Amino acid sequence: MNRALVLEENAILRWREIPDAPVAGWYRMRIAAAGICGSDIGRGFGNGAYHYPLVMGHEFSAIVEEAPSGGRVAPGTLCAVYPLLPCGKCHACAKGWIHLCEHYDYFGSRRDGAFAEYLYVPESNLLPVSGRVSAEEAAMVEPAAVAHRGTHGFDVDEGFGTFVIGGGPIGILAAQWLRIRGAGKVVVGDVDAAKLEFARKLGFEAVDTSGFNHGTHGIHGSGFDVVVEACGRASTRELAIDCCARRGTVSFIGNPTEDWTLPKTAFSSALRRELSVRFNWNSLPRPDWTEVLDHIGKDLALKPLITARVSMADGASAFAHILAHDTFHCKTLLVNE
Ligand SMILES: [Zn+2]
Ligand SMILES: [Zn+2]
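A quick note: this is a predicted structure, and the numbers were derived from the prediction, not measured.

1. Let's talk about the coordination of the zinc ion (ligand 2)
Next, step 1: Taken together, Cys87 (SG), Cys90 (SG), Cys93 (SG) and Cys101 (SG) make up the full set of protein donors to the zinc ion (ligand 2), lying 2.3 to 2.4 Å away.
Next, step 2: Each of the 4 donor atoms around the zinc ion (ligand 2) contributes to a set of angles spanning 102 to 120 degrees, which defines the coordination as tetrahedral.
Next, step 3: For Cys87, a relative accessible area of 24% corresponds to the partly exposed category.
Next, step 4: Taking relative accessible area as the criterion, Cys90 reaches 8% and is therefore assigned buried.

2. Describing the packing of aromatic side chains
Next, step 1: Summed over the entire model, instances satisfying the criterion amount to 10 aromatic pairs.
Next, step 2: Between Tyr82 and Trp289, the ring centres sit 5.4 Å apart and the planes meet at 80 degrees, which makes this aromatic pair edge-to-face. Linking Tyr82 in the loop between β6 (78–81) and β7 (84–85) with Trp289 in helix α9 (residues 285–295), this pair joins segments that are 207 residues apart in sequence.
Next, step 3: Considering the side-chain rings of Tyr104 and Tyr106, the 6.1 Å spacing of their centres and the 75 degrees angle between planes classify their relative orientation as edge-to-face.
Next, step 4: Judged by its relative accessible area of 7%, Tyr106 falls in the buried class.
Next, step 5: Feature note: the residues Trp26, Phe60 and Phe107 constitute an aromatic cluster, connected by ring pairs.
Next, step 6: Positioned above the aromatic ring of Tyr104 is the side chain of Arg110, whose terminal nitrogen or guanidinium carbon lies 3.9 Å from the ring centre.

3. So, the domain arrangement of the protein chain
Next, step 1: Partitioning the protein chain into structural domains gives domain 1 (2–143 + 283–335) and domain 2 (151–279).
Next, step 2: Taking only C-alpha atoms into account, the centre of domain 1 sits 28 Å from that of domain 2.
Next, step 3: Every contact between the two is made by 16 residues of domain 1 and, on the other side, 12 residues of domain 2.
Next, step 4: Across the domain 1/domain 2 interface, buried area totals approximately 1,200 Å², and carbon plus sulfur atoms make up 80% of it.

4. Considering the packing of helix α4 (residues 141–149) against α9
Next, step 1: One way to put it is that α4 packs onto α9 with a least axis distance of 8 Å and a crossing angle of 120 degrees. When the axis of α4 is compared with that of α9, the two are oblique. Crossing of α4 over α9 shows right-handed handedness. Here Val141, Glu142, Ala144, Ala145, His148 and Arg149 of α4 lie close against α9, whose contacting residues are Pro287, Asp288, Trp289, Glu291, Val292 and Leu293.
Next, step 2: Its residues assigned to classes, the contact of α4 with α9 comprises 7 nonpolar, 1 polar and 4 charged.

5. Topic: the sheet that holds strand β2 (residues 12–18)
Next, step 1: Taking strand neighbours across the sheet as the criterion, the 3 strands line up as β2-β1-β4 in an open arrangement whose pairing is antiparallel. Each edge of the open sheet carries a strand with a single partner, namely β2 and β4 (54–55).
Next, step 2: Sheet topology note: the strand β1 (residues 2–9)/β2 ladder contains 7 bridges and is antiparallel. By the bridge assignment for β2, Glu9 is matched with Ile12.

6. Structural notes on the packing of α4 against helix α5 (residues 169–180)
Packed helix pairs are characterised by how far apart their axes lie and by the angle those axes make with each other.
Next, step 1: In the contact formed by α4 and α5, the axes pass within 8 Å of each other and the chain directions differ by 60 degrees. The pairing of α4 with α5 is recorded here as oblique in orientation. When you trace α4 past α5, the crossing you get is right-handed. Within the contact between the two elements, α4 uses Pro143, Ala144, Val146, Ala147 and His148 and α5 uses Ile170, Leu173, Ala174 and Trp177.

7. Notes on α9
Next, step 1: Within α9, the full set of buried residues consists of Pro285, Asp288, Trp289, Val292, Leu293 and His295.
Next, step 2: Residues of α9 that are buried in the fold lie against β6, β10 (126–128), α4 and α5.
Next, step 3: Taken from the residues just after α9, Gly297 is the one with a positive phi, measuring 75 degrees.

8. A word on unusual backbone geometry
Next, step 1: Each neighbour pair has its own omega, and for Tyr52 with Pro53 the value is -10 degrees, a cis peptide bond.
Next, step 2: On the secondary structure map, Pro53 appears in the loop between α1 (38–45) and β4.
Next, step 3: Arg286 connects to Pro287 through a cis peptide bond whose omega is 5 degrees.
Next, step 4: Mapped onto the elements of the fold, Pro287 is located in helix α9.
Next, step 5: The backbone phi angle of Asn47 is positive, close to 55 degrees, even though this residue is not glycine.
Next, step 6: Considering the arrangement of structural elements, one finds Asn47 in the loop between α1 and β4.
Next, step 7: Phi at His325 is positive, roughly 50 degrees, even though this residue is not glycine.
Next, step 8: With respect to the helices, strands and loops of the structure, His325 is situated in the loop between α10 (315–324) and β18 (331–335).

Rules used in this analysis
- Residues numbered from 1 in each chain as written.
- Chains lettered and ligands numbered in written order.
- Predicted model: local features only at pLDDT ≥ 70, side-chain atom pairs only at ≥ 80, totals over all residues.
- Heavy atoms only, no water.
- Donors = N, O, S within 2.8 Å, 3.2 Å for Na, K, Ca; no water.
- Tetrahedral: all angles 85-135°; square planar, octahedral: opposite > 155°, others 65-115°.
- Buried < 20%, exposed > 50% of the residue type's maximum accessible area, 1.4 Å probe, protein only.
- Phe/Tyr/Trp six-rings, centres within 6.5 Å; stacked < 30°, edge-to-face > 60°.
- Helix = DSSP H or I, 4+ residues; strand = E, 2+ residues; numbered from the N terminus.
- Lys NZ or Arg CZ within 6 Å of the ring centre and 35° of its normal.
- Domains from an automatic or database assignment.
- Contact = heavy atoms within 4.5 Å.
- Buried area = accessible area lost by both parts, 1.4 Å probe.
- Axes fitted to C-alpha atoms, helices over the stretch in contact; angles between N-to-C directions.
- Parallel < 35°, antiparallel > 145°, perpendicular 65-115°, else oblique.
- Left-handed = near helix turned anticlockwise from the far one by under 90°.
- Nonpolar A, V, L, I, M, F, W, Y, C, P; charged D, E, K, R; others polar.
- Pairing = 2+ DSSP bridges.

See the structure below:
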């Protein structure tokens, strides 16, 4: 038997029994904790689901309940679970870029996910975690890995001024990675006073980006060496290009929420600064997930980002609070007691 928070149709979530759906050779996992992602809001409440009914939930930790015969992960093992199921046949898969697979499946979007009691998962998606990592932290590995993807692969050093636009969970995690990578200055920008306050509590300089004046920021007063855009609005993408220093890097993580036209003058100015632009998508088990697992509880703090814990069965109320904006939240976790 299995129970899940089922998205019956747009904006209708119901906790109910669902058929247990074993897959031969996969593990039966008991979900420990699952985070609500910003994308779940659009998916569940903005007509963004692939199909109905759907069980959402792609940021999660789970405990092995039953291993398939020959399985190498023992019952009782706490795992962070990589949510993407690659086809294994396309060009991207052949290159090892499974996160860019052309025909992927995905827990919590294309197929049922983790807002449930149980889920069947293949061994290749299980990342067992060590004893110092809690189930709640293990559920935060996915967003931390997405933030890692957008902040690695380019130079950062102590002489660097870095700027993260967007003070949501991904932005805060990106700021942590830039600090871990040794950036001398890490600034978080947002227009929401509560998010700025939260970023300050975590030790970051935080600035209100409404009416932000580009050229005068960063370490050299001529912009930031690295700008990570973790918001997805047209204005924040333009700001990212605008406030990047000469020969700097702009790294886009934020899912776009609207079209964006880059004015000719802004494009010309970007050419004259020889900006590098990176687009980032999702995360890879290696290095993104393994890096997160190495840093959790040392210099990567995930617990402070968890601002609400709600029982899985009451998941609909957690979504209602997020939609109503009635309390500040960074990451809400749904947990199975
Ligand atoms: Zn997500
Ligand atoms: Zn593929």
